[in-house]
Amino acid sequence: MESITNPIGEILLEDGRSLLKMWQVQIAPGERGFVRHSHTRFEVMTVNGGEGEYTTESAVYPVRRGDVFVFSSGEVHCITGAAGEGLSITNLHFEPRYLAVQQGNNPFIDFCFSHSAAFRNRIPAERAETPRRFFRQMEEELRLGREDFREAVCAYLGLLLIDLLRNHRYREQGGEGEQREVFAHMLSVFSYIDEHLDEDIRLADLSALAGYSPNYFSHLFRKTNGFSLWDYITARRVDRAVKLILSGEDQTMAEIATRCGFNSTVNFNKAFRKHKGITPSALRQNPRLLAH
């Protein structure tokens, strides 16, 4: 079963690392197996046409034209069916630090890692007019790439996040200030991790960067981000491996594992399957497995 992917636009750091990207996917009709797909990026998806089914660990959602889906970092989700002539969707992924890079001490930089128990991943079409409008404006800016488009994308994204807070019960009330302060301390930690993925990353070095003791830093990281430090590092290494596999470079899986900080192909395969639901070799054979 094939899917067709068309890039729309991307915002990069100076070193080429991706902070935000948007792309359109046409998903062929039919049932699809539940793959435990997750990532460290925040995701917003709009449904352009068609019908289908979206499965998470706690719910099965219908997919209809005009719906908007939102997934925080680490949430397992997978399109498990497309009806009729298939599904047309547009995906937006951005890194947790994207807003801070664009606007400094942005009030939403802690937004990506968790949401309230009351929030549902699906915003049905009849309630999604506002987030769809801001999403379309981001898409236009990314397509055209006009002067100051990066700032414009960030502004529209901020408005979309405000709508999630005001009208869709995205975040629990209370405690935001404390969490935001902790996350601001961790921005340097995220950058350090990405810059040293192929090395032995030590808890002592990361906690020193954040200004906390190692034990307290580990506790705060899980509390703030919703998953453990080591799960985050592993997920980032897997994300880098995906990029290397899809790059088309002539390199073995052992070489890719080493470049991403894994000490063996066994550990590499195990981590890759856990975070992507497939093996590295399966992705190399069929790159479209991660299209959605």
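Now for a look at the structure at hand. Along each chain, residue indices are assigned from 1 in the same order as the chain's sequence is written. Only residues with pLDDT of 70 or above have their local features reported here, since the model is predicted, and side-chain atom pairs are shown and tallied only from 80 upward, although totals for entire chains, interfaces and linings are computed over all residues. For the side-chain quantities, the full set of heavy atoms in the structure was used; hydrogens and water were omitted.

### Structural notes on the overall build of the protein chain
Then, in step 1: Numbering of helices and strands starts at the N terminus; helices are DSSP runs of H or I of at least 4 residues and strands are runs of E of at least 2. Regarding its fold elements, the protein chain presents ten helices and ten strands.
Then, in step 2: The rule is simple: take the accessible area with a 1.4 Å probe, protein chains only, and divide by the maximum for that residue type; under 20% is buried, over 50% is exposed, in between is partly exposed. Evaluated residue by residue, the protein chain yields a buried proportion of 51% over its 292 residues.
Then, in step 3: Of the contacts made within the protein chain by residues no fewer than 6 positions apart, 71% connect residues no fewer than 24 positions apart.
Then, in step 4: Only the protein chains shown count as cover for residues, with accessible areas throughout obtained via the Shrake-Rupley method and a probe of 1.4 Å. Put simply, the protein chain shows about 13,700 Å² of open surface, and 47% of that area lies on carbon and sulfur atoms. Whether two residues are in contact is decided by their heavy atoms, any of which lying within 4.5 Å being enough.

### Observations concerning the sheet that holds strand β5 (residues 52-56)
Then, in step 1: Strand order in the open sheet formed by four strands is β3-β8-β5-β6, with antiparallel pairing between adjacent strands. Either end of the sheet is taken by a strand with one partner, and the two such strands are β3 (30-31) and β6 (60-63).
Then, in step 2: Note on pairing: two strands pair once DSSP finds at least 2 bridges between them. In this sheet, strand β8 (residues 77-82) lies alongside β5 in antiparallel orientation, the contact comprising five bridges. In the strand pairing of β8, T55 is matched with C78.

### Brief notes about the packing of helix α2 (residues 129-144) against helix α3 (residues 149-167)
Then, in step 1: Note on method: axes are straight lines fitted to C-alpha atoms, helices fitted across the in-contact stretch only, with angles between N-to-C directions ranging 0 to 180 degrees. Between α2 and α3, the shortest axis-to-axis distance is 9 Å and the interhelical angle comes to 170°. When the axis of α2 is compared with that of α3, the two are roughly antiparallel. Residue-level inspection shows T130, P131, F134, F135, Q137, M138, E141 and L142 of α2 in contact with α3, the latter providing F149, A152, V153, Y156, L157, L159, L160 and D163.
Then, in step 2: Put simply, Ala, Val, Leu, Ile, Met, Phe, Trp, Tyr, Cys and Pro go in the nonpolar bin, Asp, Glu, Lys and Arg in the charged bin, and everything else, Gly too, in the polar bin. Counted by class, the contact of α2 with α3 contains twelve nonpolar, two polar and two charged residues. Roughly parallel here means an angle under 35 degrees, roughly antiparallel means over 145, roughly perpendicular means 65 to 115, and every remaining angle is called oblique.

### Points about the pattern of salt bridges
Then, in step 1: Counted as salt bridges are all cases of a side-chain nitrogen of Lys or Arg within 4 Å of a carboxyl oxygen of Asp or Glu. Within the structure shown, the criterion is met by 13 salt bridges.
Then, in step 2: Of the charged contacts in the structure, one is a salt bridge between R236 and D194, with a shortest N-O distance of 3.0 Å. In this pair, R236 is assigned in helix α7 (residues 229-246) and D194 in helix α4 (residues 176-195), connecting sequence segments 42 residues apart.
Then, in step 3: Among the ionic pairs, R259 bridges to E249, the shortest N-O distance being 3.2 Å. With R259 in helix α8 (residues 253-259) and E249 in the loop between α7 and α8, this pair connects stretches of sequence that are ten residues apart.
Then, in step 4: Judged by its relative accessible area of 40%, E249 falls in the partly exposed class.
Then, in step 5: Connected via shared salt-bridge partners are R41, E95, D194, R236, D239 and K276.

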